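These are the residues of each chain, in order.
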Amino acid sequence: MSYHTETRVYTLDPQQPDPAVIAQAAEVIRTGGLVAFPTETVYGLGADATDSAAVSRIFAAKARPPSDPVIVHIAAVEQMAFVALDVPEIAWTLARVFWPGPLTLILQRGAPIPANVSAGRATVAVRMPSHPIARALIQAAGTPIAAPSANTFSRPSATTAQHVLADLNGRVDIVLDGGPTPVGLESTIVDLTGPVATILRPGGITIEALRQHVPKIEVRSRLLDMDATAEAPGQLIKHYSPHAELRLFAGAEAGALAQMRAAAESLIAGAQRVGVLVTDEEAAHFAGLPVEVVSLGSGRDLAAVGARLFAALRELDGRAVDVILVHGFGHEGLGAAIWDRLLRAAEGKVIDAE
Ligand code: TXA
Ligand code: MG
C-alpha cells in the first residue's frame, strides 16, 4: 500500500506560528491526513492517534514495518490519562519534571489508542513535546498525534523541512517548516510498564538527569550490551543510516585519529571516496588528504554536536562518499545518545583503538 498526495509546505515562525496555518494543518489531521511538523528533537510525521486508518498511512508513507510502534504526542500532561491506563505515580513525577520535553514514557495503552499505533502491543509510548509548533498543532487538532520521525525507514532522522521533503515529498499532505530542530536527537524512551523503570533509547534527556529522580533506573540498550537482542521494537541495528558505509572508531583520541587517517589513506588507495565526520579540533588530522570533511562543531559542545549529527550524515551522503569515518564522543551526558545513533548507523560495528 502506498500513500500519494500533493505536498504543501508552509514556513512558520518557530516561536509564534501563524494560527491560520496551524488551523489548516489541524484540519488535515482531523480528517485523517498526514502533517510533518518540527518538535524540539526531530521532525515528526503526524496523524490522528485515535484513527487507525490515518495511522496506517504513516507506516505506508515512510515504508515503516508494522512491527515498529509509534509515539503518541500530547499537548497537556493530563492527556496522559486519556491515552494510557493505570498511569503509575512515577510517570506523573517524570512528566512534571521533564515535560514538555524530549522524554517518552512507555505505559499501558488506553482504549482511545488503536492497536496499530503500538504494533499490536498492550503498551503505548507517550510524549509531550516542547516545540511551539508541535504544541500548537496538537492543541488545535484536539486529538493526540501519533508521529514517528519524518524520514524514510532506516534513514537518518529529519532535522530540517528539507530533509523531510527529500524523503517524503508526495507522501505527506502538509510540511510545517519551522527551521532546524534544536536538540537534533530523538527523545529518551523510558519503559514504566515493568517492575523497574528502564531506558530503552538514550536521547535528549540524559541518563544522569533521569537518575536524579529515579535512582534505580536501568539502561537496556546496545550501548551497554552489544550482543543483546533488541528489546525496544524498532531498535533494529541498521538505523539512522546514511547511504555510505559508516565506520565508527572508539578509544583514546590520539590512537583513534591515527587509525582513522590510516583507514582513509588505504580507502583512497583503493579508489574509494572518503568522508570524515569530525569536530573542529579533529579536522586538522586529515589535512592534505583528499577527503570530504564535515565538522560537527567543537567536541566540547555536545549539544551542538547532537543538533548537527543527522544533518551532517545527510550532507556527506550528498557529497557521494562511499565510506564515512567518525570517532565517538564518550558515553557521558548527550554522548550516550550520540554514541547510540552512531553505533546503529555503523550497524553495530566498532573499531577500537585499544
Ligand atoms: O523525539 C522523538 O521521539 C521523535 C519525535 C518525532 O517525537 N520520534 C521518534 O519516533 O523518534 P520513532 O518512531 O522514530 O521512534 C520511536 C521508537 C520506536 O522505534 C520504538 O522503538 C519505540 O519508540 N516505541 C514506540 N512505542 C513503543 C512501545 N509501545 N513499546 C516500546 N517501544 C516503543
Ligand atoms: Mg525514527
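Since the structure is predicted, the reported quantities are computational estimates derived from the model, not experimental observations. (Residues numbered from 1 in each chain as written. Chains lettered and ligands numbered in written order. Predicted model: local features only at pLDDT ≥ 70, side-chain atom pairs only at ≥ 80, totals over all residues. Heavy atoms only, no water.)

A. Spotlight on the sheet that holds strand β16 (residues 323-327). With parallel pairing, the 5 strands of this open sheet are ordered in space as β15-β14-β16-β13-β17. Of all strands in the sheet, those with a lone pairing partner are β15 (292-295) and β17 (350-352), marking the two edges. Ignoring strand direction, the axes of neighbouring strands in this sheet form an average angle of 25°. When strand β14 (residues 274-278) meets β16, the two strands line up parallel, connected through 4 bridges. Its bridge partner lying in β16, Leu277 is registered against Val326. The strands touched by helix α8 (residues 253-269) are β13 (245-250), β14, β16 and β17; relative to β16, the strand with the most contacts, the crossing angle is about 170°. (Pairing = 2+ DSSP bridges. Helix = DSSP H or I, 4+ residues; strand = E, 2+ residues; numbered from the N terminus. Axes fitted to C-alpha atoms, helices over the stretch in contact; angles between N-to-C directions. Contact = heavy atoms within 4.5 Å.)

B. Region of the structure containing the pairing of β14. Burial within β14 is extensive, with 5 of its 5 residues counted as buried. In β14, alternate side chains face the same way, and those of Val274, Val276 and Val278 on one face and Gly275 and Leu277 on the other are all buried. Strand direction decides the pairing type here: β14 and β15, joined by 4 bridges, are parallel. Directly across from Val278, in β15, lies its bridge partner Ser295. (Buried < 20%, exposed > 50% of the residue type's maximum accessible area, 1.4 Å probe, protein only.)

C. Main features of the nonpolar core. Membership of the largest hydrophobic core comes to 53 residues, with the highest contact counts inside it found for Met80, Trp99, Leu103, Leu105, Val190 and Leu210. Those elements that provide at least two residues to this core are β3 (43-48), α2 (52-62), α3 (80-83), α4 (89-98), β6 (103-109), β7 (123-127), α6 (161-168) and α7 (207-211). The greatest single-element share of this core, amounting to 6 residues, is contributed by α2. If near-sequence neighbours (up to four positions away) are discounted, Met80 is found in contact with Ile74, Val87, Ala91, Trp92, Ala95, Trp99, Leu105 and Leu107. Listed in part, the 28 residues of the second largest apolar core include Val326, Ala337, Leu343 and Ala346. (Core = buried A, V, L, I, M, F, W, Y, C linked by side-chain atoms within 4.5 Å.)

D. Geometry of the side chain of Asp317. On the secondary structure map, Asp317 appears in helix α9 (residues 302-318). At 2.6 Å, the side chain of Asp317 and the backbone nitrogen of His243 are in polar contact. Within the structure, the side chain of Asp317 is placed 3.1 Å from the backbone nitrogen of Ala244, a separation counted as a polar contact. Among all residues touching Asp317, those that are not within four sequence positions of it are Arg155, Pro242, His243 and Ala244. (Polar contact = N/O pair within 3.5 Å; in protein donor to acceptor, adjacent residues only side chain to side chain.)

E. Representation of the environment of Arg314 in the model. Residue placement: Arg314 occurs in helix α9. With 156 residues separating them along the chain, Arg314 and Ala158 place their C-alpha atoms 9.2 Å apart. Among residues more than four places away in sequence, those in contact with Arg314 are Asn151, Arg155, Pro156, Ser157, Ala158, His163, Ala166 and Asp167.

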